[in-house]
Amino acid sequence: MTDRPQLILGSGSPRRLDLLAQIGVVPDAILPPDIDESVRPAELPRDYVKRIAAQKVAAVTATDDAIVLCADTTVALGRRIMGKPANEDEARAFLALLSGRRHKVITAVTLRRNGRVTARDVQTVVMMKRLSDAETDGYIASGDWRGKAGGYAIQGPAGAFIPWINGSFTAVVGLPLAETATLLTAAGYHMNGGPA
């Protein structure tokens, strides 16, 4: 038995939970914070995700010795931030904008322990093939776009729309595992039962 600190995941995302499980990390508690995720006027995508991840980690109540882990992901087309679509029409509009174009997926990860906050952000370039009307219609009908930044999820049926990426696949899904493991280790979390 190790004397690991308590780990709190400040996210309700099942994808982030699954990703942590891939590296043998199981949070002791899941406490998704309730914060305003509105974009500020003229805010750039990278600044936005870093700010939201920091606000999330600040909003989670925990003992000082616990590690609080939060993340935020957005899709950016140039300076435009494409969050989670509100409805089918917005999801369809997002897919039309992304179709046949490169875009960035940016994920920020923030940890807090003993009052110390550390953070990393990862940008991945993603290419989406040109979508036919039938492909768009089928994907919208699947409902897989719901709750997904940019209106798609690379780990689901929309993976067929992505011929290549340059960067971190796990960051596109919602949590860059290499960077997250580094932050956890630095915070004193023993990865895979070994020494930190």
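Keep in mind it's a predicted model, so treat the numbers as computed, not measured.

Criteria and cut-off values
- As a convention, each chain's residues are numbered from 1 in the sequence order in which they are written.
- In keeping with the model being predicted, local features are shown solely for residues with a pLDDT of at least 70 and side-chain atom pairs are shown and tallied solely at 80 or more, while totals for entire chains, interfaces and linings include all residues.
- The basis for the side-chain values is all heavy atoms of the structure; hydrogens and waters are excluded.
- Elements are defined by DSSP. Helices are runs of H or I of four residues or more, strands are runs of E of two residues or more, and each kind is numbered from the N terminus.
- The rule is simple: take the accessible area with a 1.4 Å probe, protein chains only, and divide by the maximum for that residue type; under 20% is buried, over 50% is exposed, in between is partly exposed.
- Should any heavy atoms of two residues lie within 4.5 Å, those residues are considered in contact.
- Computed by Shrake-Rupley with a 1.4 Å probe, the accessible areas treat only the displayed protein chains as cover when residues are assessed.
- Only four residue types enter the charge count, namely Lys and Arg as positive and Asp and Glu as negative; His and the chain termini do not.
- One atom stands in for each charge, and that atom is NZ of Lys, CZ of Arg, CG of Asp or CD of Glu.
- Distance and chemistry together define a polar contact, namely a pair of N or O atoms within 3.5 Å, with one atom able to donate a hydrogen and the other to accept it when in protein, and with adjacent residues in sequence counting only for side-chain atoms on both sides.
- Only the six-membered ring of Trp is used, alongside the rings of Phe and Tyr, when aromatic pairs are assigned; centres must lie within 6.5 Å, and planes under 30 degrees apart are stacked while those over 60 apart are edge-to-face, with the rest tilted.
- Grid points spaced at 1 Å over the protein atoms alone were grouped into cavities, where a 1.4 Å probe fits but cannot get out, and pockets, open sets with protein on both sides within 12 Å along at least five of seven lines, with lining residues defined by an atom within 4 Å of a point.
- Grid points are joined across faces, edges and corners, and a volume is the space filled by probe spheres set on the points.
- For this scheme, ten residues count as nonpolar: Ala, Val, Leu, Ile, Met, Phe, Trp, Tyr, Cys and Pro. Four count as charged, namely Asp, Glu, Lys and Arg, and the remainder, Gly too, count as polar.
- To obtain an axis, a line is fitted to C-alpha atoms, over the contacting stretch when the element is a helix, and the angle between two such axes runs from 0 to 180 degrees between their N-to-C directions.
- The cut-offs work like this: below 35 degrees is roughly parallel, past 145 is roughly antiparallel, 65 to 115 is roughly perpendicular, and the gaps in between are oblique.
- Should the near helix be turned anticlockwise from the far one by less than a right angle, the crossing is termed left-handed; should it be turned clockwise, right-handed.
- How far a helix is expected to stretch is found by multiplying one less than its residue total by 1.5 Å.
- Put simply, a nonpolar core is a bunch of buried Ala, Val, Leu, Ile, Met, Phe, Trp, Tyr and Cys residues held in one set by side-chain atoms that sit within 4.5 Å of each other.

Peer 1: Explanation requested: the overall build of the protein in the structure shown.
Peer 2: If you tally the helices and strands in the protein, you get six helices and seven strands. Ordered by position in the sequence, the α and β elements of the protein form the string β-α-β-α-β-β-α-β-β-α-β-α-α. With the C-alpha coordinates of the protein rotated into their principal frame, the extents come out at 55 × 35 × 25 Å. A buried classification covers 49% of the 196 residues belonging to the protein. Within the protein, counting contacts between residues at least 6 apart in sequence, those at least 24 apart form 66% of the total. Accessible surface for the protein amounts to roughly 9400 Å². Of this, 50% is attributable to carbon and sulfur atoms. Taking the 23 positively charged and 20 negatively charged side chains of the protein as two groups, their mean positions are separated by 6 Å.

Peer 1: Got a minute to help me understand the environment of serine 168 in this structure?
Peer 2: One can find serine 168 in the loop between strand 7 (164-166) and helix 5 (169-173). The contacts of serine 168, once residues within four sequence positions are left out, are Val122, Thr124 and Pro176. A polar side-chain atom of serine 168 sits 3.0 Å from the main-chain amide nitrogen of alanine 171.

Peer 1: Please explain the packing of aromatic side chains as it appears in this structure.
Peer 2: The way to describe two aromatic rings as a pair is by their centre distance and the angle between their planes. Under the definition given, this model contains one aromatic pair. When the ring of tyrosine 139 is compared with that of phenylalanine 161, the centres are 5.7 Å apart and the planes differ by 75°; the resulting orientation is edge-to-face. Here tyrosine 139 is found in helix 4 (residues 133-142), whereas its partner phenylalanine 161 is found in the loop between helix 4 and strand 7, with 22 residues between them in sequence. Side by side, tyrosine 139 and phenylalanine 161 carry an identical accessibility label, which is buried.

Peer 1: Please explain the layout of surface pockets as it appears in this structure.
Peer 2: It is a probe the size of a water molecule, rolled over the atoms, that shows where empty space is left. Considered as a void within the structure, the largest pocket measures approximately 460 Å³ in volume. Around the largest pocket, the lining comprises 28 residues; the ones closest to its centre are Arg15, Arg16, Thr73, Lys84 and Gly147. Those elements giving two or more residues to the lining of the largest pocket turn out to be helix 1 (14-22), helix 2 (45-59), strand 3 (67-77) and helix 5. The element best represented in the lining of the largest pocket is strand 3, accounting for four residues. Among the residues forming the lining of the largest pocket, the class breakdown is eleven nonpolar, ten polar and seven charged.

Peer 1: Help me understand the packing of helix 3 (residues 88-98) against helix 4 in this model?
Peer 2: The description of two helices packed together rests on the angle between their axes and the distance between the axes. It is the contact of helix 3 with helix 4, at a shortest axis distance of 10 Å, that shows an interaxial angle of 140°. The pairing of helix 3 with helix 4 is recorded here as oblique in orientation. Of the two elements, helix 3 crosses helix 4, and the hand of that crossing is right-handed. Counted together, Glu88, Ala91, Arg92 and Leu95 of helix 3 and Thr136, Asp137, Tyr139 and Ile140 of helix 4 form the full contact between these two elements.

Peer 1: Any chance you could explain helix 6 (residues 177-186) here in plain terms?
Peer 2: Along an α-helix, residues three or four apart share an orientation, since each turn contains 3.6 residues. Every buried residue of helix 6 is accounted for by Leu177, Glu179, Thr180, Ala181, Leu183 and Leu184. In the segment just after helix 6, glycine 188 is the residue with positive phi, at about 95°.

Peer 1: Got a minute to help me understand helix 2 in this structure?
Peer 2: Taking 1.5 Å of rise per residue, the 15 residues of helix 2 would be expected to cover 21 Å, and the 21 Å separating its terminal C-alpha atoms lies within 8% of that figure. Buried within helix 2 we find Pro45, Tyr48, Val49, Arg51, Ile52, Ala53, Lys56 and Val57. Check the buried side of helix 2 and you find it contacts helix 1, strand 3, strand 4 (80-82), strand 5 (102-113) and strand 6 (116-127).

Peer 1: Sorry, what's going on with the nonpolar core here?
Peer 2: Across soluble globular proteins, you tend to see nonpolar side chains buried next to one another. The biggest cluster of nonpolar side chains holds 42 residues, and the ones touching the most others in it are Val25, Leu111, Met128, Tyr139, Tyr152 and Leu184. Going through the elements one at a time, strand 1 (7-9), helix 1, strand 3, helix 3, strand 5, helix 4, helix 5 and helix 6 are the ones with two or more residues in this core. Among the elements that take part in this core, strand 3 stands out by supplying five residues, more than any other. When neighbours within four sequence positions are excluded, methionine 128 is seen to be in contact with Leu95, Leu98, Ser99, Gly100, Arg101, His103, Tyr152, Phe161, Ile162 and Pro163. The next biggest cluster of nonpolar side chains, apart from the first, holds nine residues, and it includes Tyr48, Ala53, Ile106 and Ala108.

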